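So the chains spell out like this:
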Number of protein chains: 2
Amino acid sequence: MTVTDELLANAERYAQTFDKGHLPLPPARGVAVLACMDARLNPYGLLGLQEGDAHVIRNAGGVVTAGERRSLAISQRLLGTREIILIHHTDCGMLTFTDDDFKSKIQAETGIKPDWSAEAFADLDEDVRQSIRRIDADPFIPYTDHVRGFVYEVETGRLREVVA
Amino acid sequence: MTVTDELLANAERYAQTFDKGHLPLPPARGVAVLACMDARLNPYGLLGLQEGDAHVIRNAGGVVTAGERRSLAISQRLLGTREIILIHHTDCGMLTFTDDDFKSKIQAETGIKPDWSAEAFADLDEDVRQSIRRIDADPFIPYTDHVRGFVYEVETGRLREVVA
């Protein structure tokens, strides 16, 4: 039995008491959250999000690359969101390596150097600001008046705003 | 007052009762979930995930592009996950447009054609299988024995497995 099988048993229980079948496609709160994939960061618990409230976009680091700009353009242009919340966090795995080292190790093992940037970073606050700047500079994300960036403290559960 | 401000008030309450400051960086359950950003799809409620359990990667459609392959490589190589759960869902926004139309509209409005694929799709199950194949074919994701794909039914709350 895999962990996936165990989680599927949880999904069966979720369906048994499900009462949210009426929710519309566009997010009710008009917000897109872009956060790190880290297991300790739960955007639902942290922000009090319910089913139907917000788009949630996540990746290693919570960084802004082409894929995130694609998701944000779709979120705003097709589904009406108008605010963006960026969340990085303390003790992030992205602080523990460099792109060069990570890609060299992969090349040594597989013979192929990844054709992507690993997007590692050395300064949390600066990478939050970097993410805000990448969104501001994107020509396809129309609404950038309400883009705010935060660092979630995994030690305390607190969310600290990064001044842009 | 923005919606972001309202959600920040929720974050203050989360911190006040926070008791999970001891959790380690690697996900306890060894799983990475890759799901659509859709507001109605809550992976925590659905799979019974708690803080610390699993990486959660999300984007428009729950598709596998370079960014997701980057996140999965980091998740497995640096943080020890060994299973992947892919989740698409019914009534997905990605079923409502084509790449060509979406990009043409953006080009008409901004003068610039996006340099990314919008990753729209016409067949849910087939796109889940497409995602599995992209992961299987990736040279940098080492563990692909436990990759399973699902469609979440937003109308019923049920999770249906897609046979690969």
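Per an unreviewed UniProt entry, chain A is named carbonic anhydrase, and its organism is Phytohabitans rumicis. The UniProt entry for chain A carries this comment under Sequence similarities (unreviewed entry): "Belongs to the beta-class carbonic anhydrase family."

Chemist: Describe the UniProt feature "binding site: Zn(2+)" (unreviewed entry) in chain A, with residues and values.
Modeler: Residues and elements named next belong to chain A. Following the UniProt record, one finds the feature "binding site: Zn(2+)" (unreviewed entry) at Cys36, Asp38, His89 and Cys92. Considering the C-alpha atoms alone, the annotated residues occupy 57 residues of sequence yet fold into one spot, their largest mutual distance being 8.5 Å. Turning to its location among the elements, Cys36 is positioned in strand β1 (residues 31–36). On the accessibility criterion, Cys36 (4% relative accessible area) is buried.

Chemist: I'd like to hear about the packing of helix α3 (residues 66–79) of chain A against helix α4 (residues 99–110) of chain B, residue by residue, with values.
Modeler: Between two packed helices, both the angle of their axes relative to each other and the distance between the axes serve to describe the pair. Packing of α3 of chain A against α4 of chain B brings their axes to within 12 Å, and their N-to-C directions diverge by 85 degrees. On the basis of their axis angle, the class for α3 of chain A and α4 of chain B is roughly perpendicular. When α3 of chain A is examined against α4 of chain B, the residues Ala73, Ile74, Arg77 and Leu78 of chain A are found in contact with a partner set consisting of Phe102, Ile106, Glu109 and Thr110 of chain B. Its residues assigned to classes, the contact of α3 of chain A with α4 of chain B comprises five nonpolar, one polar and two charged.

Chemist: I'd like a rundown of the packing of aromatic side chains, residues and numbers included.
Modeler: As enumerated under the stated definition, the model contains 11 aromatic pairs over all chains in all. Consider the rings of Phe102 of chain A and Trp116 of chain A, whose centres lie 6.3 Å apart with planes at 35 degrees: the pair is tilted. Here the residue Phe102 of chain A occupies a position in helix α4 (residues 99–110), and Trp116 of chain A occupies one in the loop between α4 and α5 (124–137), the gap between them amounting to 14 residues. By the burial criterion, Phe102 of chain A is buried, and Trp116 of chain A matches it. Ring plane angle 50 degrees and centroid distance 6.5 Å describe the contact between Tyr152 of chain A and Tyr14 of chain B, whose orientation is recorded as tilted. Of this pair, Tyr152 of chain A sits in strand β4 (residues 147–152) while Tyr14 of chain B sits in helix α1 (residues 3–16), which puts the two residues in different chains. There is no split in this pair, since Tyr152 of chain A and Tyr14 of chain B are both buried. Here the guanidinium or amino end of Arg82 of chain A rests over the ring plane of Tyr143 of chain A, the centre of that ring lying 3.7 Å away.

Chemist: Break down the relation of the copies chain A and chain B for me, citing the residues and quoting the values.
Modeler: Between chain A and chain B, the superposition needs a rotation of 180 degrees and an axial shift of 0.0 Å, giving an RMSD of 0.0 Å. Both copies are brought into coincidence by an operation consistent with a two-fold rotation axis. Among all C-alpha atoms of chain A, that of Arg58 of chain A lies closest to the rotation axis, at 2.4 Å. Most of the interface of chain A is mirrored in chain B, where 99% of its interface residues again form contacts.

Chemist: Provide a residue-level description of the layout of surface pockets, including the pertinent values.
Modeler: To find leftover empty space, one rolls a probe the size of a water molecule over the atoms. Here the largest pocket is characterised by a volume of approximately 270 Å³. What lines the largest pocket is a set of 15 residues, and nearest its centre among them are Ala66 and Gly67 of chain A together with Thr65, Ala66 and Gly67 of chain B. The set of elements that each furnish at least two residues to the lining of the largest pocket consists of α3 of chain A together with α3 (66–79) of chain B. Per-class residue counts for the lining of the largest pocket are four nonpolar, six polar and five charged. Reported here for the second largest pocket is a volume of approximately 190 Å³. Every residue lining the second largest pocket is listed: Leu8, Ala11, Glu12, Ala15 and Gln16 of chain A together with Phe150, Arg158, Leu159, Arg160 and Glu161 of chain B. If you list the elements that add at least two residues to the lining of the second largest pocket, you get α1 (3–16) of chain A together with β5 (159–162) of chain B. Ranked by residues supplied to the lining of the second largest pocket, first place goes to α1 of chain A with five residues.

Chemist: Can you tell me about the nonpolar core, naming the residues and giving the values?
Modeler: The biggest cluster of nonpolar side chains holds 104 residues, and the ones touching the most others in it are Ile87 of chain A together with Ile87 of chain B. Not counting the four nearest positions on each side in its chain, Ile87 of chain A is found in contact with Val33, Leu34, Ala35, Cys36, Leu41, Leu46, Leu47, Phe150, Tyr152 and Leu159 of chain A.

Chemist: How would you sum up the interface of chain A and chain B? Please name residues and give values.
Modeler: Residue-level contacts link 84 residues of chain A with 83 residues of chain B. In this assembly, chain A packs against chain B so that about 7100 Å² is buried in total across both faces, 63% of it on carbon and sulfur atoms. Considering only the surface of chain A that becomes buried against chain B, Met37, Arg70 and Phe140 of chain A emerge as the three largest contributors, covering 11% of it. Taken together, the connections running from chain A to chain B amount to six salt bridges. Linking chain A with chain B are 33 residue pairs in polar contact (both at pLDDT 80 or more), by the criterion used here. For the side of chain A that touches chain B, the secondary-structure elements that each account for two or more residues are α1, α2 (43–47), β2 (54–59), α3, β3 (83–89), α4 and β4 of chain A. The leading source of residues in the side of chain A that touches chain B is α1 of chain A, at 10 residues.

Chemist: Summarise the environment of Gly61 of chain B; cite the residues concerned and give the values.
Modeler: Residues and elements named next belong to chain B. Within the fold, Gly61 resides in the loop between β2 (54–59) and α3. Using a relative accessible area of 1% as the deciding quantity, one classes Gly61 as buried. Counting along the chain gives 66 residues from Gly61 to Asp127, while the straight-line C-alpha distance between them is 9.1 Å. In contact with Gly61, other than residues within four places in its own chain, are Cys36, His88, Cys92, Met94 and Phe121.

About the criteria used
- Residues numbered from 1 in each chain as written.
- Chains lettered and ligands numbered in written order.
- Predicted model: local features only at pLDDT ≥ 70, side-chain atom pairs only at ≥ 80, totals over all residues.
- Heavy atoms only, no water.
- UniProt positions renumbered as here; feature names shortened; annotations may be inferred.
- Helix = DSSP H or I, 4+ residues; strand = E, 2+ residues; numbered from the N terminus.
- Buried < 20%, exposed > 50% of the residue type's maximum accessible area, 1.4 Å probe, protein only.
- Axes fitted to C-alpha atoms, helices over the stretch in contact; angles between N-to-C directions.
- Parallel < 35°, antiparallel > 145°, perpendicular 65-115°, else oblique.
- Contact = heavy atoms within 4.5 Å.
- Nonpolar A, V, L, I, M, F, W, Y, C, P; charged D, E, K, R; others polar.
- Phe/Tyr/Trp six-rings, centres within 6.5 Å; stacked < 30°, edge-to-face > 60°.
- Lys NZ or Arg CZ within 6 Å of the ring centre and 35° of its normal.
- Least-squares fit on C-alpha atoms with pLDDT ≥ 70 in both.
- 1 Å grid on protein atoms, 1.4 Å probe; cavity = no way out; pocket = protein on both sides within 12 Å on 5 of 7 lines; lining within 4 Å.
- Points joined across faces, edges and corners; volume = space filled by probe spheres on them.
- Core = buried A, V, L, I, M, F, W, Y, C linked by side-chain atoms within 4.5 Å.
- Buried area = accessible area lost by both parts, 1.4 Å probe.
- Salt bridge = Lys/Arg side-chain N within 4 Å of Asp/Glu carboxyl O.
- Polar contact = N/O pair within 3.5 Å; in protein donor to acceptor, adjacent residues only side chain to side chain.

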